[in-house]
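One-letter residues, chain by chain:
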Amino acid sequence: RELSKDQLKLLILDEPTAVLTEKEAAALLDSIRGMASRGIAVIFITHRLQEVLNVCDKVVIMRDGKVVKDTPASETSVDEITKCMVGRSVDLSAVREVRDCSDARTIMSIRKLWVDMPGEIVRNVNLDVKEGEILGIGGLAGQGKLGIPNGIMGLYDAEGKVELFGQELNFKDTKSVLSAGVAMVSEDRKGVGLLLDRSIEDNIVFNAMQIKGEYLKKFGPFTQIDSKKIRETAQAYIKNLDIRCFGPTQHSGTLSGGNQQKVCIAKALCMSPKFLFVSEPTRGIDIGAKKLVLETLVRLNRELGMTVVIVSSELQELKSVSDRIAIVSEGKLVDILSPQASDADYGLAMSGIKPSEHTEKGGTEE
């Protein structure tokens, strides 16, 4: 639409590749180079730092609303950009112990799950989630991975059978799922995850208040909101998750994407869940916030024993935190791989081919 305008001089692209596959993103980057060669100036805003170096002539780095560096792209690196963005060095590739949870009991059993979610249809998925593990669910955009948590949470029409701790889950009723101890951080933080015109503290306690009746004081037939307890709870989450804000009364809609994501996590944790779904936890947030969010999920798993299922389009992100990674293609579960499996195996699985079957048919492991 924008390129069709006559006399186009300047095009501003804000996170244009956030929901694209790698192939689609590469095509867009080629298109951006073509625009520049025709004399169109392009401002390219993104958190995918390698894309900046691949396509831009100049890099302007901002932190806390101020420009901290302005440099030719050829004279900087991903590491230097990262350090300038967050004010310190950040390493997302740290080696983490991968645990074997195969002997743990099954906390959630999913059988013959079908989900009718536009663009994310799920077809007959069977999957067991072990207690205390971090299970990653990956795959290319639009292949069905997001449909699994959304269907189980009752946000879209679904069929099949889901058991939690051996008890059948009524996943056609969101309130029932939340009451059973399952919480979710949605990939759509603006549309589903948050009430943007309400305060941070209202968002954090909303589900706990509505579903579990917490943060309410009863006086005979009357009920009053416990404002003091709400404020104390919100301030604790703001401190623990490093939510950058003016205070708990600030509207969630005025926060940056990364801080909105932290509020979504606080809202889920406020339910004291036994089982946590997190969809696209770092989409559209800066690398400093990304590291904090991932570290928070690992800490919840390790220190509190919370079972966490992370759904993400970022394979390296899943490899950095998961104990196992399930790959979904065309709505079906193709394979479950170790985080230490080769990129070739992951590539095959994402294209719908189980790596072991490919090898048996004469393919090579390389």
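Above this note sits the structure.
The sections below set out a description of the structure shown in this document. Because the structure is a prediction, the values reported are computed rather than measured. (Residues numbered from 1 in each chain as written. Predicted model: local features only at pLDDT ≥ 70, side-chain atom pairs only at ≥ 80, totals over all residues. Heavy atoms only, no water.)

1. Some thoughts on the pattern of salt bridges
Next, step 1: By the definition in use, this model includes 15 salt bridges.
Next, step 2: Where Lys69 meets Glu80, a salt bridge forms, and the shortest distance between an N and an O atom there is 3.2 Å. With a gap of 11 residues between them, Lys69 in strand E4 (residues 66-72) and Glu80 in helix H3 (residues 78-86) connect regions that are remote in the sequence.
Next, step 3: The class of Lys69 is partly exposed, set by a relative accessible area of 24%.
Next, step 4: Glu80 gets classed as partly exposed once you look at its relative accessible area, which sits at 29%.
Next, step 5: Between Asp323 and Arg302 there is a salt bridge; the shortest N-O distance is 3.9 Å. Of this pair, Asp323 sits in the loop between helix H11 (315-321) and strand E15 (324-329) while Arg302 sits in helix H10 (residues 287-304), and the two are 21 residues apart along the sequence.
Next, step 6: Note on Asp323: relative accessible area 4%, which makes it buried.
Next, step 7: One salt-bridge network, held together by shared partners, links Arg99, Arg302 and Asp323. (Salt bridge = Lys/Arg side-chain N within 4 Å of Asp/Glu carboxyl O. Helix = DSSP H or I, 4+ residues; strand = E, 2+ residues; numbered from the N terminus. Buried < 20%, exposed > 50% of the residue type's maximum accessible area, 1.4 Å probe, protein only.)

2. Looking at a nonpolar patch on the surface
Next, step 1: A surface patch of nonpolar side chains, amounting to about 350 Å² of accessible area, comprises Leu10, Ile12, Ile43 and Ile45.
Next, step 2: The set of elements that each furnish at least two residues to the nonpolar patch consists of strand E1 (10-14) and strand E2 (41-45).
Next, step 3: Positionally, Leu10 belongs in strand E1. (Patch = residues over 30% accessible without salt bridge, like charges linked within 9 Å, V, L, I, M, F, W, Y side chains within 5 Å. Areas by Shrake-Rupley, 256 points an atom, 1.4 Å probe, with all protein chains shown as cover.)

3. A closer look at the sheet that holds strand E7 (residues 134-138)
Next, step 1: As summarised here, the arrangement of the 6 strands in space is E10-E13-E14-E7-E15-E16, forming an open sheet in which the pairing is mixed. The two strands at the open ends of the sheet, each matched to only one other strand, are strand E10 (182-185) and strand E16 (332-337). For this sheet the average axis-to-axis angle between neighbouring strands, irrespective of direction, equals 20°.
Next, step 2: In terms of strand pairing, E10 meets strand E13 (residues 275-279) through 4 bridges, oriented parallel. The residue of E13 that forms the bridge with Val185 is Val278.
Next, step 3: Running over the sheet, helix H9 (residues 257-269) touches E10 and E13 and is turned about 175° from E10.
Next, step 4: In this fold H10 packs onto E7, E13 and strand E14 (307-311), with an angle of close to 140° to the strand it touches most, E7. (Pairing = 2+ DSSP bridges. Axes fitted to C-alpha atoms, helices over the stretch in contact; angles between N-to-C directions. Contact = heavy atoms within 4.5 Å.)

4. Some words on the environment of Ala341
Next, step 1: Examined against the element boundaries, Ala341 turns out to sit in the loop between E16 and helix H12 (343-350).
Next, step 2: In this structure Ala341 comes out as buried when scored by relative accessible area, which is 17%.
Next, step 3: Discounting chain neighbours no more than four positions away, the residues touching Ala341 are Lys319 and Tyr346.

5. Digging into the packing of H9 against H10
Next, step 1: Two elements in contact, H9 and H10, have axes separated by 10 Å at closest approach and are oriented at 15°. The orientation of H9 with respect to H10, classified from their angle, is roughly parallel. The handedness of the crossing between H9 and H10 comes out as left-handed. Counting all contacts with H9, which are made through Gly258, Lys262, Ile265 and Leu269, the residues of H10 involved are Ala289, Leu292, Val293 and Leu300.
Next, step 2: Here the residues of the contact of H9 with H10 sort into 6 nonpolar, 1 polar and 1 charged. (Parallel < 35°, antiparallel > 145°, perpendicular 65-115°, else oblique. Left-handed = near helix turned anticlockwise from the far one by under 90°. Nonpolar A, V, L, I, M, F, W, Y, C, P; charged D, E, K, R; others polar.)

6. So, the sheet that holds strand E8 (residues 158-164)
Next, step 1: The strand order across the open sheet formed by 4 strands is E6-E5-E8-E9, and the pairing between neighbours is antiparallel. Strands at the two margins of the open sheet, each flanked by one partner only, are strand E6 (122-130) and strand E9 (167-168).
Next, step 2: The pairing of strand E5 (residues 106-115) with E8 spans 6 bridges and is antiparallel. Residue pairing in the sheet places Trp114 in a bridge with Glu159 of E8.

7. Considering the state of the cysteines
Next, step 1: All chains considered together, the criterion is met by 0 disulfides.
Next, step 2: Free cysteine: Cys264, not disulfide-bonded; nearest cysteine sulfur from Cys270 at 13 Å.
Next, step 3: Accessibility expressed as a relative area gives 3% for Cys264, which makes it buried.
Next, step 4: On the accessibility criterion, Cys270 (4% relative accessible area) is buried. (Disulfide = S-S within 2.5 Å.)

8. Some thoughts on H10
Given 3.6 residues to a turn, an α-helix orients residues that are three or four positions apart in the same direction.
Next, step 1: Its 18 residues place the ends of H10 25 Å apart at the C-alpha level, agreeing with the 26 Å of an ideal helix rising 1.5 Å per residue.
Next, step 2: A positive phi of about 70° marks Gly305, the residue just after H10. (Expected span 1.5 Å × (residues − 1).)

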